[in-house]
Amino acid sequence: MPLHRLTQIVMGVPNVEQTAAYYTDFGLSPAAPPDLGLATVDGGEQLRIVHSPRRRLVQLGIGADDPDDLDRVEGSLRAIDVPVTRTATGVRAVDPGTEVTVHVEIAGRYAPQPTPAPAYNAPGVDARTGQRAPGILRDGPVRPRRLGHVVLGSTDQELSQKFFTDGIGFKVSDRVPGLAAFMRCSTDHHNVLIQQAPIALLHHTAWQVDDVDEVGRGATAMLEKDPGRHVWGLGRHHVGSNFFWYLKDPAGNFSEYYSDLDCIVDDALWEPGVWEGARGLYNWGPPPPPSFLAPEDLAALMTAAHKPA
Ligand SMILES: [Fe+2]
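Residues numbered from 1 in each chain as written. Predicted model: local features only at pLDDT ≥ 70, side-chain atom pairs only at ≥ 80, totals over all residues. Heavy atoms only, no water.

Enquirer: Hey, could you go over the overall build of the protein chain for me, with residue numbers and the actual values?
Expert: Each helix and strand in the protein chain was counted, giving 7 helices and 17 strands. Across its three principal axes, the protein chain shows a C-alpha extent of roughly 65 × 45 × 45 Å. Here the protein chain holds 309 residues, and the buried ones make up 50% of them. Counting contacts in the protein chain only where the partners sit at least 6 residues apart, residues at least 24 apart contribute 71% of the total. (Helix = DSSP H or I, 4+ residues; strand = E, 2+ residues; numbered from the N terminus. Buried < 20%, exposed > 50% of the residue type's maximum accessible area, 1.4 Å probe, protein only. Contact = heavy atoms within 4.5 Å.)

Enquirer: A description of the state of the cysteines should follow, citing residues and the corresponding values.
Expert: Applying the stated criterion across every chain, the model contains 0 disulfides. Cysteine 263 carries a free sulfur, and the closest cysteine sulfur to it, the one in cysteine 185, is 13 Å from it. (Disulfide = S-S within 2.5 Å.)

Enquirer: Give me the coordination of the iron ion: which residues, what numbers.
Expert: All of the protein donors around the iron ion are His149 (NE2), His204 (NE2) and Glu256 (OE); their distances to the metal are 2.0 to 2.2 Å. Read N to C, the donor residues that coordinate the iron ion are spaced as H-x54-H-x51-E. Linking histidine 204 in strand 13 (residues 201-208) with glutamate 256 in strand 16 (residues 254-259), this pair joins segments that are 52 residues apart in sequence. Just as histidine 204 is buried, glutamate 256 falls in that class too. (Donors = N, O, S within 2.8 Å, 3.2 Å for Na, K, Ca; no water.)

Enquirer: I'd like a description of unusual backbone geometry, backed by residues and values.
Expert: Across residues other than glycine, the phi torsion is negative in most instances, and most of the peptide bonds are trans. Leucine 234 follows glycine 233 through a cis peptide bond whose omega is -15°. Its location among the elements puts leucine 234 in strand 14 (residues 230-236). Unlike most non-glycine residues, aspartate 81 shows phi in positive territory, near 65°. Mapped onto the elements of the fold, aspartate 81 is located in the loop between helix 2 (67-79) and strand 6 (85-86). Look at serine 241: it is not a glycine, yet its phi comes out positive at around 70°. Note on placement: serine 241 falls in the loop between strand 14 and strand 15 (243-248). You can call serine 241 buried: its relative accessible area is 18%.

Enquirer: Mind laying out the pairing of strand 12 (residues 192-196), listing which residues take part and the relevant values?
Expert: Pairing of strand 9 (residues 146-154) with strand 12, which is carried by 5 bridges, proceeds in the parallel orientation. Within the sheet, the bridge partner assigned to valine 151 lies in strand 12 and is leucine 193. Two strands pair when backbone bridges link them, and strand 11 (residues 180-184) and strand 12 are joined in this way by 4 bridges, in the antiparallel orientation. Across the sheet, the residue bridging to phenylalanine 182 is leucine 193, located in strand 12. (Pairing = 2+ DSSP bridges.)

Enquirer: Which residues make up the side chain of histidine 237, and what are the values?
Expert: Mapped onto the elements, histidine 237 comes out in the loop between strand 14 and strand 15. Within the structure, histidine 237 has its side chain in polar contact with the side chain of tyrosine 246 (distance 2.7 Å). Histidine 237 has contacts with Trp232, Asn242, Phe244, Tyr246, Glu256, Leu281, Tyr282 and Asn283, leaving out every residue within four places of it along the chain. (Polar contact = N/O pair within 3.5 Å; in protein donor to acceptor, adjacent residues only side chain to side chain.)

Enquirer: Could you give an account of the sheet that holds strand 6, naming the residues involved and the relevant values?
Expert: Working definition: the strands of a sheet are paired by backbone hydrogen bonds and lie parallel or antiparallel to each other. In space, the 8 strands of this open sheet follow the order 2-3-4-1-5-8-7-6, with mixed pairing throughout. Both edges of this open sheet fall to strand 2 (29-30) and strand 6, since each of them pairs with a single strand only. As judged from the 7 bridges shared by strand 1 (residues 3-13) and strand 5 (residues 56-64), these two strands associate in the antiparallel manner. Paired with glycine 12 across the two strands is arginine 56, which belongs to strand 5. Against the sheet, helix 1 (residues 16-25) engages strand 1, strand 2, strand 3 (38-40) and strand 4 (44-51), with an angle of about 155° to strand 4. Docked against the sheet, helix 2 engages strand 1, strand 5, strand 6, strand 7 (90-95) and strand 8 (100-106), running at close to 30° with respect to strand 7. (Axes fitted to C-alpha atoms, helices over the stretch in contact; angles between N-to-C directions.)

Enquirer: How would you summarise the side chain of histidine 190 if you had to cite specific residues and measurements?
Expert: Following the sequence through the fold, histidine 190 ends up in the loop between strand 11 and strand 12. Overall, histidine 190 belongs to the buried group, its relative accessible area being 3%. Among the polar contacts made by the side chain of histidine 190, one reaches the side chain of histidine 189 at a distance of 2.8 Å. Excluding residues that lie within four positions of it along the chain, histidine 190 makes contacts with Gly148, His149, Phe182, Met183, Arg184, Val239, Gly240, Asn242 and Leu261.

Everything listed is a geometric property; what it means functionally is a separate question.
The following block contains the structure:
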């Protein structure tokens, strides 16, 4: 696949310093000055936080292999009448439904240090004997390996989906009718999920960690500092299969630690599914809080969005 990953997101918030401090607690590393970004282990500077009167995703970066890929994206966007800005190293266009600027850019592929899953004991399989589980022996801070996906509210879900599939070149992995489509630009089950919403909105960003113990350890450390950050977890999604735990940043955006997401290497071997009801949300875990489906600041965001400049 010529598109191969998310590169960097630019998040706009009213409270930049507070929000940056939250993502530092979350395990991202402040980039060296003069850069203001925050870095993951495998993806480098993947989060930039800038000032915005209301919280929103300002820009989404997508990595492509070479200039031919940019030519194709430019042509596909123009074919569906989306205005495009082209440079030698990138293509930029705005999705009107989510109000996000998408920047497709030439970028190197991930080269993660392979991290084998720990040995788990199971009935008839004594994979770990005479030792305690590695997950309880870890004591360092949890460090997200990379940015995995973003979930966006769109005022026109169908148009946004068309922008990402027909325009940028994403593929649909699974669908929840009337609600959302899970789309990928890499071997991840999903990198972008668009939901119909009354306002353009950043619902959550998701950050890959090594395994379920890191999901639990990361969230536990965040809650030790501020229990009010808890949103939803621990659980396992049905669509995408990932373990998850969602927390809330000081601007109101949700951030997810995840591990063990489905991986689609061969398109021919993946059958996109249609999921209804609770399965569209999760397989097991506590029930999702109402604020996960409709963020508590939705009304305030709508008022702010419709205020004259
Ligand atoms: Fe997610």
